[in-house]
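Observations on the model geometry
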Amino acid sequence: MTAEDIGPEAEGGARAADKAGQDVVIAFGQSLKTLRVRAGMQREELGRRLGYSASTIASFEQGRRIPPPRAIDRADKELGADNLLVVWKDQVEKAQYPAFFQGMAQLEKQAIELLVYDTHVVNGLLQTEEYMRALLAMRRPSLDQETIEQRVAARMARQDIFDRRPTPLLSFVTDEAVLRHRYGGRQVVRGQLEHLLLLGQRRNVELQVMPTDCEDNAGVNGPFTVITRKDGKKYLYVEALNTSTLATDPEQTVLAAARYGIIRSQALSPRESLAFIEKLLGEL
């Protein structure tokens with residue numbers, strides 16, 4: 001098997017990767033501050049031009065918050081940096097994800113097809129911002145506010161996949177129990193279910209629900225994602241407890257895709273699933 005595995009034996013490597021990512025963010029922030037001062041611009045003025053508060057600019061400069069790619073492009077232009085900030089963009093974008101997810105984040109950008117089976121929470125690509133914040137607030141040990149803001153921004157950025165051209169094919173099967181959890185409270189769940197209904201109307205998205213009363217489920221071994229890249233190469237991604245495996249072995253990826261096909265056949269159809277989600281909304 002060819003795989004990128006971050007498990008118990010590699011925890012030190014994962015921590016090192018997270019530390020390296022933080023170092024990148026700090027170095028970028030120092031460059032941003034140096035160029036801002038060189039341009040004779042106050043944080044308030046740069047923030048006004050970029051659409052942020054002065055305190056947010058300070059967070060960028062101090063490495064406590066990661067700017068989105070568009071903010072880096074704008075800052076480079078406003079400060080006359082001649083691409084001195086733009087060259088950081090790929091490294092900074094990578095650093096916004098936990099070490100165990102960085103490989104998957106890159107693959108999502110190259111995917112022409114995603115097959116996703118979830119059993120614990122709504123998939124990150126489908127989450128509303130309020131649902132994200134509710135999940136992150138429940139993490140133990142607790143996350144600091146800057147990390148929460150960073151994770152929310154990263155997940156929101158991933159959702160650009162829905163509007164990308166050419167449009168990838170996106171299929172999601174979610175266990176019914178996931179949709180019944182009241183994470184964040186009634187209003188958060190209502191907003192999440194309404195968001196799923198909107199996404200389910202997209203022509204490149206298929207949402208399906210695996211009902212709890214099903215007698216057969218080929219996905220009993222847990223959640224997984226199969227990614228097909230533009231060159232036709234398939235990957236199998238499995239994540240649990242902040243560890244992940246990204247496998248490229250053809251036998252594993254083909255079998256996972258076949259298993260996903262069986263799961264889809266056992267779940268409610270897309271039309272039935274949207275009707276089911278509407279029913280859950282009516283019960284709130």
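For the structure, check the block above.
Below: a short report on this structure.

Calculation notes
Residues numbered from 1 in each chain as written. Predicted model: local features only at pLDDT ≥ 70, side-chain atom pairs only at ≥ 80, totals over all residues. Heavy atoms only, no water. Axes fitted to C-alpha atoms, helices over the stretch in contact; angles between N-to-C directions. Helix = DSSP H or I, 4+ residues; strand = E, 2+ residues; numbered from the N terminus. Parallel < 35°, antiparallel > 145°, perpendicular 65-115°, else oblique. Contact = heavy atoms within 4.5 Å. Nonpolar A, V, L, I, M, F, W, Y, C, P; charged D, E, K, R; others polar. Buried < 20%, exposed > 50% of the residue type's maximum accessible area, 1.4 Å probe, protein only. Pairing = 2+ DSSP bridges. Core = buried A, V, L, I, M, F, W, Y, C linked by side-chain atoms within 4.5 Å. Phe/Tyr/Trp six-rings, centres within 6.5 Å; stacked < 30°, edge-to-face > 60°.

**Some words on the packing of helix H2 (residues 43-50) against helix H3 (residues 54-61)**
Put simply, H2 and H3 touch, their axes get as near as 8 Å, and they point 100° apart. In terms of axis orientation, H2 runs roughly perpendicular to H3. Within the contact between the two elements, H2 uses Arg-43, Glu-44, Leu-46, Gly-47 and Leu-50 and H3 uses Ala-54, Ile-57, Ala-58 and Glu-61. The residue inventory of the contact of H2 with H3, partitioned by class, reads five nonpolar, one polar and three charged.

**A short note on the environment of Pro-69**
Within the element layout of this structure, Pro-69 appears in helix H4 (residues 69-78). Overall, the relative accessible area of 28% leaves Pro-69 in the partly exposed class. As a C-alpha pair, Pro-69 and Ile-227 span 158 residues in sequence and 24 Å in three-dimensional space. In contact with Pro-69, other than residues within four places in its own chain, are Lys-89 and Glu-93.

**What about the side chain of Gln-102?**
Considering the arrangement of structural elements, one finds Gln-102 in helix H6 (residues 102-110). According to the relative accessible area criterion, Gln-102 is buried, its value standing at 11%.

**What about the pairing of strand E7 (residues 243-247)?**
As judged from the five bridges shared by strand E6 (residues 234-240) and E7, these two strands associate in the antiparallel manner. Bridging from a neighbouring strand, Val-238 pairs with Thr-245 of E7.

**Quick notes on the nonpolar core**
Within the largest apolar cluster, 41 residues are counted, with the highest numbers of intra-cluster contacts made by Leu-114, Phe-162, Phe-172, Leu-193 and Ile-227. Looking at this core, the element that brings in the most residues is helix H10 (residues 186-199), giving six residues. In this structure, Phe-172 is in contact with Val-116, Asn-123, Leu-125, Leu-126, Phe-162, Val-205, Glu-206, Leu-207, Gln-208 and Tyr-260, ignoring residues within four places of it in sequence.

**A word on the packing of aromatic side chains**
Throughout the structure, instances matching the rule amount to five aromatic pairs. Between Phe-101 and Tyr-237 the ring centres are 5.9 Å apart and the planes differ by 85°, which places this aromatic pair in the edge-to-face class. With Phe-101 in the loop between helix H5 (89-95) and H6 and Tyr-237 in strand E6, the pair connects residues that are 136 residues apart, well separated along the chain. Residue Phe-101 shares its accessibility class with Tyr-237, and that shared class is buried. Judged by centre distance (6.3 Å) and plane angle (85°), the ring pair of Phe-224 and Tyr-260 falls under edge-to-face. Taken together, the residues Phe-224 in strand E5 (residues 224-229) and Tyr-260 in helix H11 (residues 250-266) connect sequence positions 36 residues apart. Exposure remark for Phe-224: the relative accessible area of 4% places this residue in the buried category. Among the aromatic residues, those joined into a cluster by ring pairs are Tyr-97, Phe-101 and Tyr-237.

**Thoughts on the environment of Pro-98**
Structurally, Pro-98 is set in the loop between H5 and H6. As for Pro-98 and Ala-154, which are separated by 56 residues in sequence, their C-alpha atoms are 10.0 Å apart.

**Observations concerning the environment of Leu-284**
Here Leu-284 shows up in the segment after helix H12 (270-283). In this structure, the C-alpha to C-alpha distance between Leu-284 and Val-189, residues 95 residues apart in sequence, is 8.5 Å. Once residues lying within four places of it in the same chain are set aside, the contact partners of Leu-284 are Arg-182, Arg-186, Val-189, Arg-190 and Leu-193.

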